[in-house]
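Fold and contact review
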Amino acid sequence: MLREVYKNRTVFVTGHTGFKGSWLTIWLLSLGAKVVGYSLYLPSDPCNFVVCNLKDRVTHIDGDIRNIKDLRNVFSKYNPDIVFHLAAQPIVRRSFDDPKLTFDTNVGGTINILECIRNTSSVKAAIIITSDKCYQNVEWVWGYRENDRLGGDDPYSASKACAEIVCNSYIKSFFSKKDLSRISTARAGNVIGGGDWAVDRIVPDCVRAFSENNVLEIRNPQATRPWQHVLEPLSGYLWLGANLLNNNSNVVGESFNFGPSDNVNRSVKELIDEFVKVWGNGKWRAIVNDIANKKEAGLLKLNCDKALFYLKWHAVLSFEETVKMTAEWYKAYYNGEKDMFDFSVRQIEEYIYLAKKKGLVWVE
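This structure is a prediction, so every number in the text was calculated from the model and none was measured.

1. Considering the pattern of salt bridges
Summed over all chains, the structure comprises 15 salt bridges. The partner of Arg266 in a salt bridge is Glu320, with the nearest N and O atoms 3.9 Å apart. Linking Arg266 in strand β12 (residues 265-267) with Glu320 in helix α12 (residues 319-334), this pair joins segments that are 54 residues apart in sequence. Classification of Glu320 by relative accessible area gives partly exposed; the value is 37%. Taking the shortest distance from any N to any O, the salt bridge between Asp273 and Lys269 comes out at 2.9 Å. With a gap of 4 residues between them, Asp273 and Lys269 both fall in helix α10 (residues 268-279), about one helical turn apart. In this structure, a network of salt bridges that share partners links the residues Arg72, Glu115 and Arg118.

Written as structure tokens, this is what we have:
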């Protein structure tokens, strides 16, 4: 189903060098799409984009989403059929150090993308990816729904709430006619998977420490998150894009949560302990630092009933499968696997196989 939709389509991906963006790019390439990627920098050294040699497989453009002139030139030159907007300043704690950059990128950059879509007739569909942190988090025990209050106390969360409000305004003001681009927003968070070496993320911290036989230092081991493998929300994004291209009136202009089932909500401690089981060794300890000055949410999860009802989408992997697939990618890399692109494609195929076993419509 997905291959029929994306094969030979020109797909514009912002943030394609990032963790989620690079995995989305790999999946799109495996579906036969022509990927045009637009990104300002490599997020880390090493990074999934380089490890999987994606620069030679896509049209790679170094660009800043804050620069609307350059963006317009790219849209005009390549005339994409569909847009996935992932480029962002994605780190919560960095948003405290540079709030202006965070708002300029996450809000201003989103406006620039929407302006380019508005003035490019070739674009049939667009998915604007924000974050689960766009919700005003009061740390209640049930998941947030798409119509719950937006907000954010830290600059990153606030910027993503603002991006959602901007998208809603553009959709209602400029994309309401049937012959115009069809746009939706997607909200997900706390993804893990192979190929992420970003600073201040739990799995990359594990990998850096354990690969060098160092003791991992953890700020908040009791913090609970709905951990999900990166392929889970990406399957939702791709299926949402397919529905937009096919003009499913139930999804056009809507927002969707993509998250795991409730039984995948686990603490940081549980995640690390499970990772150590698959990795084979590793030690960690809790530390006290500047949490008080850079407060992070203790509990945040999503209600994904809307995606289940309108898209027939739900997560595939158990917590154990999520951690196993993640750790096995890193083990392959550190053991000298020669072709990590091929290894990543095989993991996508494994994920699709498990989805087929559950009878999910997007893989039929």
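2. Some thoughts on the sheet that holds strand β6 (residues 182-187)
Spatially, the 7 strands line up as an open sheet ordered β3-β2-β1-β4-β5-β6-β11, and their pairing is parallel. In the strand order of this sheet, the two ends are held by β3 (59-62) and β11 (255-257), each with one partner. Across the sheet, the axes of successive neighbouring strands diverge by a mean angle of 20°, strand direction being ignored. This element, helix α4 (residues 68-78), spans β1 (10-14), β2 (34-39), β3 and β4 (82-85) of the sheet and lies at about 170° to β2. Against the sheet, helix α6 (residues 99-118) touches β1, β4, β5 (125-129) and β6, its axis set at about 175° to β4.

Calculation rules
- Residues numbered from 1 in each chain as written.
- Predicted model: local features only at pLDDT ≥ 70, side-chain atom pairs only at ≥ 80, totals over all residues.
- Heavy atoms only, no water.
- Salt bridge = Lys/Arg side-chain N within 4 Å of Asp/Glu carboxyl O.
- Helix = DSSP H or I, 4+ residues; strand = E, 2+ residues; numbered from the N terminus.
- Buried < 20%, exposed > 50% of the residue type's maximum accessible area, 1.4 Å probe, protein only.
- Pairing = 2+ DSSP bridges.
- Axes fitted to C-alpha atoms, helices over the stretch in contact; angles between N-to-C directions.
- Contact = heavy atoms within 4.5 Å.

By themselves, these are just geometric observations and shouldn't be taken as functional.
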